[in-house]
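# Structural description and commentary
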Amino acid sequence: MTTLCLKNGQIFDPINKIFNKKKDIYVKDGKIVEKLNEKISETIDCKNKIIMPGAIDLHTHIGGGKVNIARLMLQEFHNNSDRDYDLTADFIPSTLKTGLQYIKMGYTSCFEPAVLPINARQSHSEMADTPFIDKGGYALLGNDDFLLDLISRGAHQSEINDYVAFILKATQCIGIKVVNPGGINAFKFNQRALNVDENSVRYKITPRKIVRLLARAVYELGVPHPLHVHCSNLGVPGNFKSTIETIKAAEGLPVHITHIQFHSYGNNGDRNFSSASAEITDYINKIPNLTCDVGQVLFGQTATMSGDSMKQHANHSHAHPDKWLCMDIECEAGCGVVPFKYTDQSFVNALQWAIGLETFLLTEDPDKIFLTTDHPNGAPFTSYPHLIKLLMNKSFRDNLLDQLSVDISKHTILKDIKREYTLSEIATMTRSAPARILGLTNKGSLSKEADADITIYDSNIKDVEEMFASPTHVIKDGVVVVKDGEIKNYTWGKTQVVKPEYDATIEKKLKKYFDKYHTIALPNYSISNDEMSEVIGSDINEVKCSRKRIS
Amino acid sequence: MSKISDSLNHKNIVCPFCSLHCDDLEIDVHDNKLYVKSNVPKSCAYKYEKLNLAKFKDMVTTVKGKPCEPKKAYQYSKQLIKKSKETVLLNSSSDVNVTREVLSTASKVNAIVDHVNSSIFLKNISIYQRRGYMATSLTEIKNKSDVIIVFSNNLFKTYPRLMEKFLATKNSFSVNSKKKEIYVIGNKKNNIKDCNIRDKRITYVDYNNRNITKLLNSLISKKNESSISNKVFNKLLASIETSKYLSVLWATSEFESYKECDEIIYNISAYVVSLNKTSRAACLSLSGNDGDVSFTQTLGWMTGFPSRIKFTGNFFEYDKDANNAIQLINSGNSDLVIHLNSLSEKKLVLNKKNKNIVIGRPCTKFNIEPDVFISCGIPGIDFKGHIFRTDNVVSLPLTSLRMSHSRSTQEILREILE
């Protein structure tokens, strides 16, 4: 039995509305407890320390086929001369380095947002080989021929719900994501664009319909995380209109719009590229069930990787270095890996940087917006402390804006925004809010019975970037895993999953489909709990679902 | 718990022996013997049923060719490892979990990790390390391809069910499968013999695949300068021009002996990429019968590199030339090679210049007797596991079908490095 006492720390615990209040925290057997009657194994003096729950990244590409393609494609960037962990580049780290770098920043749970059902074994294996953190994945739907065929034949919502629930169970995922709804499938039939109200040539259905049906399925199944949506027209100037239409497609049901920065572009001005962050954040602020993560762009080399093969193929001419890969995958998805270098000499890249920051700063409620770079699409996750400083320090932000190689001052309202995020708001957007939106009732909190995933920062460090980059202690499941930047213990987190109930009749239909059209058998598509623990190597934790009905 | 004498019927079994990993096998197990009930080529069924012979079931350990107790083989292996100054862990065939263990092991003994097929799969990876690449997978080909080109000299011998199960299929939901056009280009005699399918959708074209670039240039210029007859060439050209989704398949291993190998695979890829300006087309390079894909993928996520890494303590370095295991062995720069062969029936090539420990499936063949041989169980027969299919994106579960007398490769590695 391990017991810990964190003494005299300043607590930031948004779920309990505790902000910067001195309090002792007690830990026993991996959980936070109110008090300890036993002998305390270790007391950590937290005077002049800030204590927050472990941070949660709800959208980071850390495991799966496309990540591995990028690792192998871009070997020339694996040149870590510091011999720090291994050679891999920060934007395409190995699984070991991913875990080490996240935990050293105080992140204790991370979620892979693009798990292709057919590739779920690989995604989970990679995440199982990622130390320390709890993890989970969102299964991709909405471009799979089975679902599109169901929709085109006018299937009842209940049948779609059953299919969605089956996929969640089969893939051991915690949520559902749709990428460029219908567009990836349409690309396989040689369509090069698909707008929200445009019919796909093959199935004669619109992205709007796909979003509506999937959002409803996720809601009715009671899956805590709303439908995770990568909108149509990724990166296309003027795409804010289709983003707003996609939000409307959910018809008021909960929906999470991901990397919204990449979907907040206008097409005004002499360069036909402008910020539409004001229009987008107006929606975020007024629609109650809407959340988003930003996908902030920061300057430097990275690799873009997406299920959106339609748009990745369209953008391959921007590859830097000049190489890329797109793939059509198993009649259910696609992927595209295009290396990219964001530079402040590019008007478009500089404005992307500003649009992301505008989106953060114009969104009023930190419960509705999450800190992401869409790792590694906008920048590697290791840049989060820098991003936090940009949000918390106006003069730092303004200085960087002034120093950009291209002048975008007439194209951004960034300088007019006076807001500086507070520590409480940062704690909300990186801890309590993602825990809530994922249904992780035991995480993102310092409540009694919560998982003892805790990060301790040194408040004597005045530079917040430095402070957030190097917590003094990180505790995972009650074990001190990081102390003064050094790894003290290795732990292996669990995989967070949901398993909503469904009518098993759908499996008969799926079996027929698989037998006739697929190249593997349905039983081999599904990953069992035993396979997760015995073969893949990760124990699961089931997050509760509670069915709802739309009247 | 089941007993050896139990009779069991297993359905939807994934075959671990070729990288198509067909998963529609039905296998009966009586008295711990395997009987394939599915209607599959004899060569596929035999891979299972030969394992019923006693010599394939019992655990065998030898030191210098002489049978011995496992303990002695482990002890001697430990001595060899302790004495070694440059150990190579050479993977000859394995699944994901063996590869995971190999990486863990390598860091304990500062070993070089490589795969016998590295030179081939590094060529495949080099395509997208240098230029663009459009890839596809087997279910896409089955359902969306109206035109399929297969460059093959012996491909259907290596992948016995490729045509029947994935290409010339009865059902495709988005194209009329009856109207599919399949061109098999290469050694016509071999292809007809190995395919064993008479199907009017298939056109066998006799061609020297060393000259694929010439054929591609002819297709681009629409002027036949290849040795293919104008009639067949024009038919092929018309099929490509009207196709909605063209798939092009090959196995780089078949081109490896050609000096034009790199040029050929690069030109196929570039041609397919160019077709995507106006239509849809994609490539599938077949590989992985020796667990290559599982090895590459696993190393990829654990190290960022596909093979040829050397551990020094907890750190590792990649060098595709300096850590080329085959070259190291041939040049006498390794004093100990630990061969890992849990799947393949191919004869292992050992070099007498160095000591050899083989952890291999029962009855693994060698050119010379290894210093130590320890038989291991086969993933998918004796142990559970996880393996990648040839298209790199589909990974399948391997199950345990029989009670095994052998230990897994992972257990043996842990034992000799204790």
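To start, this report covers the structure provided alongside it. Within any chain, residue numbers begin from 1 and follow the written order of that chain's sequence. By the order in which they are written, chains take letters starting at A while ligands take numbers starting at 1. Restriction of local features to residues with pLDDT of at least 70 applies here, the model being predicted, together with a cutoff of 80 or more for giving and counting side-chain atom pairs; totals for whole chains, interfaces and linings are based on all residues. By convention in this description, side-chain values take in all heavy atoms of the structure and omit both hydrogens and water.

For chain A, the count of helices and strands is 18 helices and 24 strands. At 22 Å, chain A has a C-alpha radius of gyration in line with the 24 Å of a compact globule built from 551 residues. Dimensions of chain A, computed from the C-alpha atoms along their principal axes, are close to 65 × 55 × 50 Å. Partly exposed residues are those whose accessible area sits between 20% and 50% of the maximum for their type, while under 20% is buried and over 50% is exposed, using a 1.4 Å probe and protein chains only. Counting the 551 residues in chain A, one finds 67% classified as buried. On chain A, roughly 18300 Å² of surface is accessible, and the fraction owed to carbon and sulfur atoms is 46%. By the counting rule applied here, Lys and Arg register as positive and Asp and Glu as negative, while His and the ends of each chain are not counted. Think of each charge as sitting on NZ of Lys, CZ of Arg, CG of Asp or CD of Glu. Averaging the positions of the 63 positive and the 67 negative side-chain charges in chain A gives two centres separated by 3 Å. The secondary structure listing takes helices from DSSP runs of H or I that are at least 4 residues long and strands from runs of E that are at least 2 residues long, numbered from the N terminus. What the globule rule says is 2.2 Å times the number of residues to the power 0.38, and the radius of gyration is computed from C-alpha atoms. Values of accessible area rely on a 1.4 Å probe in the Shrake-Rupley scheme; residue burial ignores everything except the protein chains shown.

Looking now at the overall build of chain B. When you go through chain B residue by residue, the secondary structure sums to 16 helices and 20 strands. Against the globule reference of 22 Å for 418 residues, chain B gives a C-alpha radius of gyration of 23 Å, in line with a compact fold. Along the first, second and third principal axes, the C-alpha set of chain B runs to 65 × 50 × 35 Å. Burial status across chain B gives 64% buried among its 418 residues. Taking as baseline every contact in chain B between residues at least 6 positions apart, the subset at least 24 positions apart corresponds to 63%. Summed over all atoms, the accessible surface of chain B reaches about 16400 Å², with 49% contributed by carbon and sulfur. Side chains of chain B give 62 positive and 41 negative charges; the mean places of these two sets differ by 3 Å. Contact criterion: two residues are considered in contact whenever any of their non-hydrogen atoms come within 4.5 Å of each other.

Our focus in this paragraph is the sheet that holds strand β7 (residues 112–115) of chain B. Residue and element names in this part refer to chain B. Strands qualify as paired when DSSP identifies two bridges or more between them. If you trace the nine strands from one edge of the open sheet to the other, you get β5-β4-β18-β17-β16-β6-β7-β14-β15, paired in mixed fashion. The two strands at the open ends of the sheet, each matched to only one other strand, are β5 (66–67) and β15 (315–318). Pairing geometry for strand β6 (residues 87–93) and β7, over four bridges, is parallel. The residue bridging Asn 91 from the neighbouring strand is His 115, located in β7. For helices, the axis comes from a line fit to the C-alpha atoms of the stretch in contact; other axes are also lines fit to C-alpha atoms, and the angle between any two N-to-C directions lies between 0 and 180 degrees. Relative to the sheet, helix α3 (residues 70–83) contacts β4 (61–63), β16 (336–341), β17 (355–360) and β18 (372–375), its axis offset from that of β18 by approximately 130 degrees.

To continue, consider the side chain of A:Asn143. Residue and element names in this part refer to chain A. Its location among the elements puts Asn 143 in the loop between β8 (134–140) and α4 (145–152). Definition of a polar contact: a pair of N or O atoms within 3.5 Å, with one able to donate and the other able to accept a hydrogen when the atoms are protein atoms, and with sequence-neighbouring residues admitted only if both atoms are side-chain atoms. From its side chain, Asn 143 meets the backbone oxygen of Val 179 in a polar contact 2.7 Å long. Sequence-distant contacts of Asn 143, defined by excluding residues within four places in its chain, comprise Leu 148, Val 179, Asn 180, Pro 181, Gly 182, Gly 183, Ile 184, Asn 185, Cys 331 and Glu 332.

Once that is clear, we can look at the packing of aromatic side chains. The geometry of an aromatic ring pair is captured by two quantities: the separation of the ring centres and the angle between the planes. Residues and elements named next belong to chain B. For Phe, Tyr and Trp, rings pair up if their centres lie within 6.5 Å, where Trp contributes its six-membered ring, and each pair is then called stacked (planes under 30 degrees apart), edge-to-face (over 60) or tilted (otherwise). Tallied over the entire structure, the rule returns 26 aromatic pairs over all chains. Summarising the aromatic geometry, the rings of Phe 315 and Phe 316 are spaced 6.4 Å apart at their centres and angled 25 degrees between planes, so their arrangement reads as stacked. For the pair shown, Phe 315 and Phe 316 are each scored as buried. Relative to Phe 373, the ring of Phe 366 has its centre 5.5 Å away and its plane inclined at 65 degrees; by these criteria the two rings are edge-to-face.

The next subject is the environment of A:Asp282. All names here are of chain A. By the secondary structure assignment, Asp 282 is in helix α9 (residues 277–286). The exposure class assigned to Asp 282 is partly exposed, which follows from its relative accessible area of 43%. Between the C-alpha atom of Asp 282 and that of Thr 359, which follows or precedes it by 77 residues, the distance is 9.8 Å.

Glancing now at the sheet that holds strand β3 (residues 33–36) of chain B. Residues and elements named next belong to chain B. Spatially, β1-β2-β3 is the arrangement adopted by the three strands of the open sheet, whose pairing is antiparallel. Since the sheet does not close on itself, it has two edges, and those belong to β1 (7–13) and β3, each with one partner. Neighbouring strand axes in the sheet, compared pairwise and without regard to direction, differ in orientation by 25 degrees on average. Seen against the sheet, helix α1 (residues 42–49) touches β1, β2 (25–30) and β3 and runs at an angle of roughly 165 degrees to β3.

The next point concerns the pattern of salt bridges. Salt bridge criterion: a side-chain nitrogen from Lys or Arg within 4 Å of a carboxyl oxygen from Asp or Glu. Across all of its chains, the model carries 54 salt bridges over all chains by this definition. Across the pair A:Asp282 and A:Lys286 runs a salt bridge whose closest N-O atoms are separated by 3.9 Å. Separated by four residues within a single helix, A:Asp282 and A:Lys286 lie in helix α9, roughly one turn from each other. Among the ionic pairs, B:Asp262 bridges to B:Lys123, the shortest N-O distance being 3.4 Å. Here B:Asp262 is found in helix α13 (residues 261–275), whereas its partner B:Lys123 is found in helix α5 (residues 118–130), with 139 residues between them in sequence. The partly exposed category is assigned to B:Asp262, whose relative accessible area is 35%.

Taken together, the contact between chain B and chain A spans 62 residues of the former and 59 residues of the latter. Both faces considered, chain B and chain A share a buried interface measuring about 5200 Å² in area, 55% of it formed by carbon and sulfur atoms. Computed with a 1.4 Å rolling probe, the buried area is the accessible surface lost when two parts are put together, summed over both parts. Considering only the surface of chain B that becomes buried against chain A, B:Phe173, B:Trp301 and B:Phe315 emerge as the three largest contributors, covering 14% of it. The tally of links from chain B across to chain A stands at six salt bridges. The salt bridge involving B:Arg389 is made with A:Glu330; its shortest N-O contact spans 3.0 Å. Grouping the amino acids of the side of chain B that touches chain A by side-chain chemistry returns 24 nonpolar, 24 polar and 14 charged. In this sheet, strand β8 (residues 132–135) of chain B lies alongside strand β16 (residues 324–329) of chain A in parallel orientation, the contact comprising four bridges. Its bridge partner lying in β8(B), A:Leu325 is registered against B:Tyr133. Here the term charged refers only to Asp, Glu, Lys and Arg, the term nonpolar to Ala, Val, Leu, Ile, Met, Phe, Trp, Tyr, Cys and Pro, and the term polar to all other amino acids, Gly among them.

Residue and element names in this part refer to chain B. Extensive coverage of helix α16 (residues 409–416) is indicated by the burial of six of its eight residues. For α16, the complete set of buried residues consists of Thr 409, Gln 410, Ile 412, Leu 413, Glu 415 and Ile 416. Check the buried side of α16 and you find it contacts α3, β6, α4 (96–109), β16, β17 and β18.

Another point: the packing of helix α5 (residues 157–171) of chain A against helix α7 (residues 207–220) of chain A. Residue and element names in this part refer to chain A. Their axes nearest at 9 Å, the elements α5 and α7 cross at an angle of 70 degrees. Comparing the axis directions of α5 and α7 gives the class roughly perpendicular. Viewed along their axes, α5 and α7 form a crossing whose handedness is right-handed. Seen from α5, the contacting residues are Gln 157, Ile 160, Asn 161 and Val 164; seen from α7, they are Leu 213, Leu 214, Arg 216, Ala 217 and Glu 220. By residue class, the composition of the contact of α5 with α7 is five nonpolar, two polar and two charged. Between 65 and 115 degrees an angle is taken as roughly perpendicular, under 35 as roughly parallel, over 145 as roughly antiparallel, and anywhere else as oblique. Here is the rule for handedness: rotate from the far helix to the near one, and if that takes an anticlockwise turn smaller than a right angle the crossing is left-handed, while a clockwise turn gives right-handed.

What follows covers a positive patch on the surface. Together, B:Lys64, B:Lys66, B:Lys72 and B:Lys83 give the surface a local cluster of positive charge. Position of B:Lys72 among the secondary structure elements: in helix α3. Only residues above 30% relative accessible area that lack a salt bridge enter a patch, with like-charged residues linked at up to 9 Å and the nonpolar side chains Val, Leu, Ile, Met, Phe, Trp and Tyr linked at up to 5 Å.

A word on the state of the cysteines. Formally, a disulfide is one covalent bond, and it connects the sulfur atom of one cysteine to the sulfur atom of another. Disulfides are defined in this document as cysteine sulfur pairs within 2.5 Å. Counted by the stated rule, this structure contains zero disulfides over all chains. Not part of a disulfide, A:Cys335 finds its nearest cysteine sulfur in A:Cys326, a span of 7.2 Å. Free cysteine: B:Cys195, not disulfide-bonded; nearest cysteine sulfur from B:Cys44 at 13 Å.

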